[in-house]
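Given next are the chains, with one letter for each unit.
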Amino acid sequence: MRTSKIIYSLTGAFILVQVFSQISLGQELTILHTNDIHSKLTGFSPETEYSPMTTNDDKTVGGFARLASFFKETRERFPENTLILDAGDFLMGSLFHTVEVETGFQTSLMKKIGYDYISLGNHEFDFGPKALSNIISAADKNGGLPQIIASNLVFSESSADDDELNELFKNGKIKPYVVFEKKGIKIGIFGLMGFDAASVAPASKPVKFSDPVKEAAKMAKYLKTKHKTDIIILLSHCGINRDLNGNTYSGEDIKLAKKAPEIDIIISGHTHVSTPEYFKTGNTYIVQTGSNGAEVGKIGLKYENGKIAEFNSEMVAIDDRISGNKEVNDEIEKLTGQIDKQYLLPSGLSYKKPIGKTGFDLNIDFSDLKNSNLGNFIADASNYYLKNTGNKTDFSLVASGTIRENLVAGQTGVITAPDIFKVMSLGMGTDNVPGYPLATIYITGHEVKQLMEALVMSGNKGGDGFIYFSGIKTWIDSKKGFIRKVKKVVINGSEVDLSRKNKTLYSVSANTYLLSFIGRIKKMSFGLLKVVPKDNNGIPVTDIYNQLADIDPGKEGIQEAKEWIALVEYLKSFEKTPDGIPVIPDSYKKCDDSVIDISK
């Protein structure tokens, strides 16, 4: 009898030790995360210097071959407790996205290199919901894709244009959330499109997006109460912003975290901000990894006693110290041949052939837009291209928000077609060829003043609405009141009569995305400013696509003037090196000041 009591006592003690050990040691989890990769399969930048199969010989960053190696190494070290996530805008930003609709290549490659769960950003909708459904279906046939999670999609009941995407939602290729266990931790993940992201996704129609804050609060509470999750992760394409000193953060994800305190971790995206370390709002950890796959966020956490007991995060540089995965690199190289044949060779271009050189970087710096030199270069290129293809234009506009990447000199200064495309990679024309087409509208002299008042107002706010010009100079007095700042406008060397009596029509050129906003100036200015886009006969324009520039009127239909091709053609106009490569002139080292403030 005494012996059995001893055995029972020892067994009980052993059980207690086991329980205590599990509680005190906790469960560990490793999370790798990215956002806003923008189809940078071959890294950034310049294209000719990317050499993922050798190390320590270039300064490029990112690239899927390097990502694949880093993901594999991490999974081998932590095989049972690693998650790899992406917070949206994984597509759109390089020549590789031009073939994505038909191949699903990148989306399926993301599964191959290790991604588990991904969410949708605004740029996944750039070609519309039908194209997105085609991408998902093609990827599914091409080896599968990571599980897509999107919680605030609202499909149309009256339009059939999103039926294919809705069907993918119904059959689970897109899910509103997932719940699973990892090393004994029950994890719930959901994904959201933010207010700002939704507002810059016009091609998503008829798909809409429900209020992300309300959806977050509802989904987080549901996962916590219904599924009894231990950790809730949000893949958020809402975003955060950091002040210029880098000390404080603001933005949609912070507001969202306050309304949905059950969320443990927000993997943020959309705003291209890098958080060297995590920050917290309440009990919610928030991180984001910049853009282009230049770095991967790495989270190490310990879960014990019903909560996250330890949380560490860092940004891991994906650069030339990492040797790329050969199989992945070979697949990408093979695809460049298809891009060459399908899109570049018909335009007289080649993926790896140099088309220009630069001895300095041409940048778009959102903290100093006025002194960024890339915007004026693009505006001048559009102006040059249109005039040299027989299209009338008095002045050209470029919005900072449509400029996607810098034009980097790198170590050699060589510029190729892929480098140029990355700069202006957004949009699609009516010809189904990627890249925004250029168009021209006409406005009166007084409307020129109204337009410039609106653009000055927009420029003062900075961000995506800052405008660069070519062919026009404007003198303002910033001390004057609202809509009274513009004092003088000169177009192509001649001062414009800004009075209502001036009925002369002036031609304004830009890409279709920017021009579509001009007709909304009245609403945006609360009725104080009014600009009516017209054709060359003065008749109001209702569809901007009726105003497309035609680079070859001799051919049937409209031969669209692509904005990115304008840069290629403008390069050809510069002085050339002895081996025939044109060089960007030093005059573009500085930003051309097209708006002059006389009060200063």
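In what follows, the structure referred to is the one given above.
Here the structure is a predicted model, which means the values were calculated and not measured. (Residues numbered from 1 in each chain as written. Predicted model: local features only at pLDDT ≥ 70, side-chain atom pairs only at ≥ 80, totals over all residues. Heavy atoms only, no water.)

### Some words on the overall build of the protein
Looking only at helices and strands, the protein has 16 helices and 27 strands in total. Compactness check: the protein gives a C-alpha radius of gyration of 27 Å against a globular reference of 25 Å for 600 residues, within 12% of the reference. Structurally, the protein occupies a C-alpha span of about 110 × 55 × 50 Å along its principal axes. Here the protein, with 600 residues, has 56% of them falling under the buried criterion. (Helix = DSSP H or I, 4+ residues; strand = E, 2+ residues; numbered from the N terminus. Rg over C-alpha atoms; globule rule 2.2 N^0.38 Å. Buried < 20%, exposed > 50% of the residue type's maximum accessible area, 1.4 Å probe, protein only.)

### What to know about the side chain of Lys298
By the element assignment, Lys298 lies in strand E16 (residues 295-304). Here Lys298 is buried and forms no salt bridge, its nearest opposite-charge partner Glu314 lying at an N-O distance of 4.6 Å. (Lys, Arg positive; Asp, Glu negative; His and termini not counted. Salt bridge = Lys/Arg side-chain N within 4 Å of Asp/Glu carboxyl O.)

### Considerations on the sheet that holds strand E10 (residues 231-237)
In space, the six strands of this open sheet follow the order E7-E8-E10-E13-E15-E14, with mixed pairing throughout. Among the strands making up the open sheet, the edge pair consists of strand E7 (177-182) and strand E14 (279-281). With direction set aside, neighbouring strand axes in the sheet form an average angle of 25°. The pairing of strand E13 (residues 265-268) with strand E15 (residues 284-287) spans three bridges and is parallel. Bridge pairing in E15 links Ile266 to Ile286. Along the sheet, helix H8 (residues 212-225) contacts E7, strand E8 (185-193) and E10; its crossing angle with E8, the most-contacted strand, is approximately 165°. (Pairing = 2+ DSSP bridges. Axes fitted to C-alpha atoms, helices over the stretch in contact; angles between N-to-C directions. Contact = heavy atoms within 4.5 Å.)

### Some words on unusual backbone geometry
Cis geometry is found at the peptide bond from Phe44 to Ser45, where omega equals -5°. Note that the residue after Ser45, namely Pro46, is joined by a cis bond; omega there is -5°. By the secondary structure assignment, Pro46 is in the loop between strand E1 (27-34) and helix H2 (64-77). The phi dihedral of Asn305 falls on the positive side, at around 55°, and the residue is not glycine. Inspection of the secondary structure puts Asn305 in the loop between E16 and strand E17 (307-317).

### Re the sheet that holds strand E22 (residues 467-470)
Strand order in the open sheet formed by four strands is E21-E26-E19-E22, with mixed pairing between adjacent strands. Each end of this open sheet is capped by a strand with a single partner; those strands are strand E21 (438-444) and E22. Taken pair by pair, the neighbouring strands of this sheet meet at an average axis angle of 30°, ignoring direction. Relative to strand E26 (residues 505-511), strand E19 (residues 395-399) is paired through two bridges, and the arrangement is parallel. From the neighbouring strand, Ser396 faces E26, where its bridge partner is Ser509. Docked against the sheet, helix H11 (residues 374-387) engages E19, E21, E22 and E26, running at close to 45° with respect to E22.

### What about the pairing of E10?
Counting buried positions over the seven residues of E10 gives seven, a clear majority of the element. With burial as the criterion, each face of E10 is covered, one bearing Ile231, Ile233, Leu235 and His237 and the other bearing Ile232, Leu234 and Ser236. The sheet contact formed by E8 and E10 spans seven bridges and is parallel. Within E10, the position partnered with Gly188 by the bridge is Ile232. Relative to E13, E10 runs parallel, the two being bridged by four bridges. From the neighbouring strand, Ile233 faces E13, where its bridge partner is Ile265.

### Quick look at the environment of Asp196
By secondary structure assignment, the location of Asp196 is in helix H7 (residues 195-199). Relative accessible area serves as the criterion here: at 37%, Asp196 is assigned to the partly exposed category. Spatially, the C-alpha atom of Asp196 lies 13 Å from that of Lys255, the residues being 59 residues apart in sequence. Those residues in contact with Asp196 that lie beyond four places of it in its chain are Glu252 and His270.

### Some details on the nonpolar core
The biggest cluster of nonpolar side chains holds 89 residues, and the ones touching the most others in it are Phe64, Phe377 and Ile584. Looking at this core, the elements with two or more residues in it are H2, helix H4 (105-113), helix H5 (129-141), helix H6 (163-170), helix H10 (326-344), H11, helix H12 (417-423) and helix H16 (563-571). Beyond its immediate stretch of four places on either side in the chain, Phe64 contacts Ile37, Lys40, Leu41, Tyr50, Gln106, Leu109, Met110, Ile113, Val328 and Ile332. Grouped together as the second largest cluster of nonpolar side chains are 33 residues, Ala454, Val456, Ala510 and Ile518 included. (Core = buried A, V, L, I, M, F, W, Y, C linked by side-chain atoms within 4.5 Å.)

### Some details on the packing of H5 against H6
Contact pair H5 / H6: the axes reach a minimum separation of 7 Å and the direction vectors enclose 45°. On the basis of their axis angle, the class for H5 and H6 is oblique. Each of Pro129, Lys130, Leu132, Ser133, Ile136 and Ser137 in H5 lies in contact with H6, whose residues at this interface are Glu164, Leu165 and Leu168. Here the contact of H5 with H6 is composed, by residue class, of five nonpolar, two polar and two charged. (Parallel < 35°, antiparallel > 145°, perpendicular 65-115°, else oblique. Nonpolar A, V, L, I, M, F, W, Y, C, P; charged D, E, K, R; others polar.)

### Some points on the pattern of salt bridges
Using the criterion set out here, one finds 22 salt bridges in the structure. One salt bridge connects Lys562 with Asp431, and the closest N-O pair in it is separated by 3.1 Å. Taken together, the residues Lys562 in the loop between helix H15 (521-524) and H16 and Asp431 in the loop between H12 and E21 connect sequence positions 131 residues apart. The partner of Lys534 in a salt bridge is Glu447, with the nearest N and O atoms 2.7 Å apart. Residue Lys534 is found in the loop between H15 and H16, and its partner Glu447 is found in helix H13 (residues 445-461); the two are separated by 87 residues along the sequence. Across the pair, Glu447 and Lys534 agree in class, each one buried. Salt bridges here are not isolated pairs; linked through shared partners, they connect Asp58, Arg66 and Asp320.

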